[in-house]
Amino acid sequence: MSDAGKDLIPGTEWWRTAVIYQIYPRSFADANGDGVGDLRGVTSRLPELEALGVDAIWLSPFYVSPQHDAGYDVADFTDVDPLFGTLDDFDHMLAEAHGRGIRVIVDMVPNHTSADHEWFQAALAAGPGSEERDHFVFREGTGEDGSEPPNNWQSVFGGPAWTRVTEADGNPGQWYLHLFDTSQPDLNWEHEWVAQQFDDILRFWLDRGADGFRVDVAHGLIKASGLPDHATAPGPVASGGDTLDNPAPFWAQEPVHDVWRRWRKVVDEYDGERVLCAEAWVYPLARMAKWVRPDEMHQSFNFAYLETAWDADALKQVITESLHEFSAVGAPSTWVLSNHDVVRHVSRLALTFDNPQGHGIGPNSPAMPDLDIGLKRARAATAMMLALPGSAYLYQGEELGLPEVIDIPDNARQDPTWARTNGERYGRDGCRVPLPWSPSEPAYGFSPTGASWLPQPEIWADFAREVQAGDPNSTLSLYTAALKARREFGTAACDLEWIADVPAGVVAFRVGEVTVYANLGDAPVPLPAGKILLASSPHDSELQPDTAVWLTH
Ligand code: NOJ
C-alpha cells in the first residue's frame, strides 16, 4: 500500500477532500533543456509542491505521441515519450512523490488514439470490412460517389469530424470519425476488444503504483446508434456543448456508464483507494452527477462551477446545486477554476465579453481583461473555493497568479484549434506557457538552456516562484496559507451552512469553525467580527470589493 496522503483528514477517503495539483508536463519544468518540460523536471520540483501543501498531482499525458494535440493523441498508452523521459523516470518520480506523501494520478485518453497508434495503422492497412477497422469508427461516405462525410458532425477543434482515407488501391475510400483533430481517430467502444485493451492499460499503470486516472472526454466514447446527424450542426460544437435542450449524438450516451462501471471494478481490485476522475462536460449538474454514482467514478470536475460568472447569486446557486446533486449520489463535489483547456481564471474573471470554452483570447479579442481586477477576483475566488466541502483541483501556475498569455505570436501558436479554425479561435496556448520559477535564470528557471516551446512574456519575471516565496502578500503565500488552514480546520470535510441576511453581492458561509465572507459587489461592506485567518487582499475594518476572508471566533 502506498504511504501517500498520510496527513489527510482522518476518517475520510482521501479523494473526498484532497487538493490535487494539475501538472501539464510540457510546461512545468524542463530538466534536459530541450524547451519542453519532462518527468525529471517534475521530480526536481516536488519539494516546492510539498511546501505548497497539495495532496496529489495529476499529470497530463506524457505517453508516446506525435504531439499533434500536446500528447492527447496517444500512440502508445504504456510507454513514456522520449520527449518526457522514460518509464524509469516515471517510476522514480512516483516513488519520490509518494515519499513526500503526494499521490500521483495519470491521464487516460480512451475516446481516441493517435493516428500513429499501431491499432489505427493496422486498421488502415486491413481495409474496409476488417476486424481492425471495426476497432475505430469507419463508415462509407454519402453522396453519389461517397465523397461527402457520413454525417454532419463537427470536430470540437473546428472543421468536419470525418476524414476520408486513401485505400490500398490508391482510391479514395472510407471515412473515419475524429471528434477532435484529424490525427485523433475515435475508438469504437462497442467493440469488446477495445474495452479489453484498456483494462490492461489501466492495470499497467495501477501495477506501477499510480493512484488513479483523470479520464479524458469521459462523456464521449459511445456514439448514438446509427450515427444520426447532430440537430444543431453544422457549426462549432464545443466540448462543453451537451445540454438537455441541445443534446449531441456523440456525448453523454447512456451506455458510456457501463464503461465506467467496468473501470471501477478494475481500480477496486487494487488497495490504496485508487480513483477515477471524469472530464465530462455535461449539464445540468444533476446529469453530471451520474458519472459519480457509487459504482462509477469517484470524482467529476465541476465545470458548471468553473464557468459561473463572478456574481454572488450565481455562485451561491451553483454551490448549493453542486452540493445537493453530488451528495445525492454520495460523491464529493470536485471544485476547479482553471485547467489546460480554459482561459486562466485571473484573466477569465475580468473578461467583459462572451468567450466560449476553448476559444481562448488573443491580440484581436474584443477587449483586454483588466489584470488588477482579475488577480483580485482570482485570489478571492480561490480563497472561497479552498474552503468549500469536497475536493479541489489546482492548475499549475495559478498559485503564482499567472494570467493568460495573450500576445503569443501567430506563428508560435500550437493548439490545433488555431489552425483548424484558420485563426478564428485562438485556442488554449495562452494558459499553457511554461512556468516562471526564477526571475533571473534562463527561461525564468523553466529550462537550463533558456529554451521554451511557447514564448514566455517578460512579465513572467515578476510572477516567478522565487520572487513570491519570500513575500507574505504574494499569491503563492495566499495559496500556501489557504491549504494549511484547510487542513488544520478540516473545512473540506464539513457541511456548508449559508449565512443569511448579508449585504447584496456578499457570499457568506460557515464550514465547521470557519466563516468565509466574500464581497463580490462594487462597494465595501462591513467586516463581521472574528479573528481573520486568511485574507485574499489587504483589508481594514471593511471588506473591499473582490475580496474574501476566512474568520474564526
Ligand atoms: C480534453 C483534454 O483536456 C484536451 O486538452 C484535449 O485536447 C481533448 N480532451 C482531446 O483529447
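From a predicted model like this one, the values you see are computed outputs, not experimental measurements.

1. Thoughts on the domain arrangement of the protein chain
Piece 1. Here the protein chain is described as being made up of domain 1 (14-110 + 192-478), domain 2 (118-177) and domain 3 (495-552).
Piece 2. Centre-to-centre separation of domain 1 and domain 3, based on C-alpha positions: 29 Å.
Piece 3. Taken together, the contact between domain 1 and domain 3 spans 20 residues of the former and 22 residues of the latter.
Piece 4. On the surface where domain 1 and domain 3 come into contact, there are one salt bridge.
Piece 5. For D546, the salt bridge goes to R377, with nearest N and O atoms at 3.3 Å.
Piece 6. Looking at which element gives the most residues to the side of domain 1 that touches domain 3, the answer is helix α11 (residues 371-385), with seven residues.

2. Thoughts on the pairing of strand β1 (residues 19-23)
Regular strands show a simple pattern: their side chains alternate between the two faces of the sheet.
Piece 1. Most of β1 sits inside the fold, with five of its five residues counted as buried.
Piece 2. On β1, burial covers both faces: V19, Y21 and I23 on one face and I20 and Q22 on the other are all buried.
Piece 3. Where β1 and strand β13 (residues 391-395) come together, four bridges link them in parallel fashion. Across the sheet, I20 pairs through a bridge with Y393, a residue of β13.
Piece 4. Across four bridges, the pairing between β1 and strand β2 (residues 56-59) is parallel. Each residue of the ladder has a partner; that of Q22, found in β2, is W58.

3. Some details on the site of the ligand
Piece 1. Near the ligand, the surroundings consist of 13 residues, among which D69, D216, H340, D341 and R428 are the closest.
Piece 2. In the model, an oxygen atom of the ligand is placed 2.9 Å from a nitrogen or oxygen of the R214 side chain.
Piece 3. One of the side-chain N or O atoms of D216 is found 2.7 Å from an oxygen atom in the ligand.
Piece 4. Surface burial for the ligand is 97%, taken as the share of its 300 Å² of free accessible area covered by protein chains.
Piece 5. Residue composition of the shell around the ligand, by class: four nonpolar, two polar and seven charged.

Thresholds applied
Residues numbered from 1 in each chain as written. Predicted model: local features only at pLDDT ≥ 70, side-chain atom pairs only at ≥ 80, totals over all residues. Heavy atoms only, no water. Domains from an automatic or database assignment. Contact = heavy atoms within 4.5 Å. Salt bridge = Lys/Arg side-chain N within 4 Å of Asp/Glu carboxyl O. Helix = DSSP H or I, 4+ residues; strand = E, 2+ residues; numbered from the N terminus. Buried < 20%, exposed > 50% of the residue type's maximum accessible area, 1.4 Å probe, protein only. Pairing = 2+ DSSP bridges. Near = heavy atom within 4 Å. Polar contact = N/O pair within 3.5 Å; in protein donor to acceptor, adjacent residues only side chain to side chain. Areas by Shrake-Rupley, 256 points an atom, 1.4 Å probe, with all protein chains shown as cover. Nonpolar A, V, L, I, M, F, W, Y, C, P; charged D, E, K, R; others polar.

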